[in-house]
Amino acid sequence: MKEKISIILFVIVLGSISSGLLVGINSWTKPKVIKNKELKLKSSILDVFGIKYEKDTIESVFSQNIETFEKNGTVFYRTKTNEIAFKYSGSGLWGPISGVIALNPDLDTIKGIKILHQEETPGLGGRIAEQEFLSQFKNKKITPKLVIVVKEKAKQENEVDGITGATMTCKSFEELLNKDIKEHLECLKK
Amino acid sequence: MFKKIKKLTYTRPFRIIINGLWKDNPIFCMVLGICSSLAITNRVENAIAMGLGVTFVTVATSVIISAMRNFIPSRVRMITYMVVISTFVICVDQFLKAFFPTISEAMGPYVGLIITNCIVMGRAEGFAMKNPVVYSFLDALSCGIGYTYTLLIISIIREILAFGTILRYRVMPQTWTNWVALAMAPGAFVLLALYLWIMRTLAKVEPEK
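Let me sum up the structure you'll find in this document. (Residues numbered from 1 in each chain as written. Chains lettered and ligands numbered in written order. Predicted model: local features only at pLDDT ≥ 70, side-chain atom pairs only at ≥ 80, totals over all residues.)

This part is about the interface of chain A and chain B. Counting residues at the interface gives 23 residues for chain A and 24 residues for chain B. Grouping the amino acids of the side of chain A that touches chain B by side-chain chemistry returns 10 nonpolar, 10 polar and three charged. (Contact = placed C-beta atoms within 7 Å. Nonpolar A, V, L, I, M, F, W, Y, C, P; charged D, E, K, R; others polar.)

In C-alpha cells form, the structure reads like this:
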C-alpha cells in the first residue's frame, strides 16, 4: 500500500513539474514563434512575387508593395501590377503541405510558388520545398491543369519534372495545387 | 609521460568515453538508433542537427534520471524516462522554432522523433539508472558523440554520391551522375550495412553466441 501511494505521488510530482516546465517554455517562445511565422509568410509572398527585400525590411517592403484584400471569405494579396497571390494548403503523403502561390495578371500562368510547411521525408519528398524544384513552376500554365511528370521529362507548358523517389508526394502536391488554384480562382471571379 | 597516459586509460571516466565512442558505440555495436540514421543521413546538415539534438536530449535525460535514480520507483521507471525525454524533446523543438526557424523546418518531424530514439532510453535504463551523475553525463555525452560522428560519416558519403555536394557545396564535377539510389532508404540500408561490417571488424565486436 505504502509503495503504491509513493508511486502515485511520484508520478503526480513528475507530471506537474514537467508540464509546468512545458507551459513555461511555451509561453516564453510563443510570441517569437508567431512573429517568425508572420515574417515567413510575408517574406514568402514577396518571394513569389519576385520582389527583393532585406532581412530587416520585410515589413516595410511588404506594406509598400502589397495590398491585402478579402473576397468571399478568402484572403488574397495583390501587387501594383495586378499580380495575385494566395495561400494554398492540403494533405501531402505524410502530413499537411501549405504555401503561397502567385499568378501573373492573366490568371493563367504561375508567377512563383513557395512551400511554407511540409512534413514529407527529408531528402526525398521533402525536396519539393527546394528552390530547384519550385522554380520550374515559373510561367507554367495552370489550365487545363498542372501536371507533375514523374516517369519522363516534362514537355508541355503545363508540366513540370517530378522528383525521383518521391512519386507519391509529387502526386499529392499536384492534386492539392490544382484543387486549391481552382477554388481560389472561382472565389476571385465570383 | 607515457606511463601517465597509460594509467589514465585505466580510469573509469576514460573507459566510459572510449566505450561510448568506440567499444560500445550506439550504432555499430548496440545497433540502436538505426531508424534515424537511415532516414536523415542523406544531407550532412540534417545529420548535424539530428546528432546535436540527440546528444543534448541524451545528456539532459541521463543527468536528470541519474540524479533522481534513488527516488524513481522501479515499477514506473519506463514512464519516468518517457516523461523526462519528451519534456526535453519538446523544449528543443520549441527552442528551434523560436530561435532557429530554418533549422526547425529542415528537420521537420524528425525533432519530435528524437523521443523514439532508442539510444536515449537505452542510456537511461542501461547506465544512468545505476550510476552517479558525473559518469552518466560522460556516458551520455560520449554516446551522443558516437552517434553523431556515425551519422556524419554516412551522410557525407551519401550526400557526395547522391547529390555531388557536401553541405550543398558542389564537390563533384558537374558531369557527375547522381546516384539517386543512395538518396533513398534502400541505398542507406546497403551503406549502413557496409559501415556496420567495417566498423565491427575494426572494433573487434564479437557476435553474441
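All names here are of chain A. The strand order across the open sheet formed by five strands is β1-β2-β3-β4-β5, and the pairing between neighbours is antiparallel. Edge positions in the sheet fall to β1 (67-71) and β5 (110-117), since each has one partner strand and no second. For this sheet, the mean inter-axis angle between neighbouring strands, taken without regard to orientation, is 30°. Most of the contacts of helix α1 (residues 2-49) go to β5, to which it runs at about 155°, and overall it touches β2 (74-78), β3 (84-91), β4 (96-103) and β5. Each of β1, β2, β3 and β4 touches helix α4 (residues 167-189); the most contacted strand, β3, lies at about 135° to it. (Pairing = 2+ DSSP bridges. Helix = DSSP H or I, 4+ residues; strand = E, 2+ residues; numbered from the N terminus. Axes fitted to C-alpha atoms, helices over the stretch in contact; angles between N-to-C directions.)

Right, let's talk about the packing of helix α4 (residues 44-68) of chain B against helix α5 (residues 77-99) of chain B for a bit. Residues and elements named next belong to chain B. Relative to each other, α4 and α5 sit at 140°, their axes nearing to 10 Å. Classified by the interaxial angle, the pair formed by α4 and α5 is oblique. Once α4 is placed against α5, the crossing between them reads as right-handed. For the pair formed by α4 and α5, the contact residues are Gly53, Phe56, Val57, Ala60, Thr61, Ile64 and Ile65 on the first element and Tyr81, Val84, Ile85, Phe88, Val89 and Val92 on the second. Partitioning the contact of α4 with α5 into residue classes produces 11 nonpolar, two polar and no charged. (Parallel < 35°, antiparallel > 145°, perpendicular 65-115°, else oblique. Left-handed = near helix turned anticlockwise from the far one by under 90°.)

Turning our attention to unusual backbone geometry. Residues and elements named next belong to chain A. A cis geometry characterises the amide bond from Thr143 onward to Pro144, with omega recorded as -5°. Secondary-structure assignment places Pro144 in the loop between α3 (131-134) and β6 (147-149). If you check the backbone angles, Asn139 has positive phi at about 65° while not being a glycine. Note on placement: Asn139 falls in the loop between α3 and β6.

This part takes up the nonpolar core. Residues A:Val48, A:Ala85, A:Ile101, A:Ala102, B:Met50, B:Val57 and B:Phe88 are the most contacted members of the largest nonpolar core, which totals 80 residues. For this core, the leading source of residues is α4(B), giving 10 residues. Ignoring sequence-local partners within four residues, the contact set of A:Ile101 consists of A:Val48, A:Ala85, A:Phe86, A:Tyr88, A:Ile110 and A:Ile113. (Core = buried A, V, L, I, M, F, W, Y, C linked by C-beta atoms within 7 Å. Buried ≥ 20, exposed ≤ 12 C-beta atoms within 10 Å, placed from the backbone.)

Worth remembering: the numbers are spatial, not functional.
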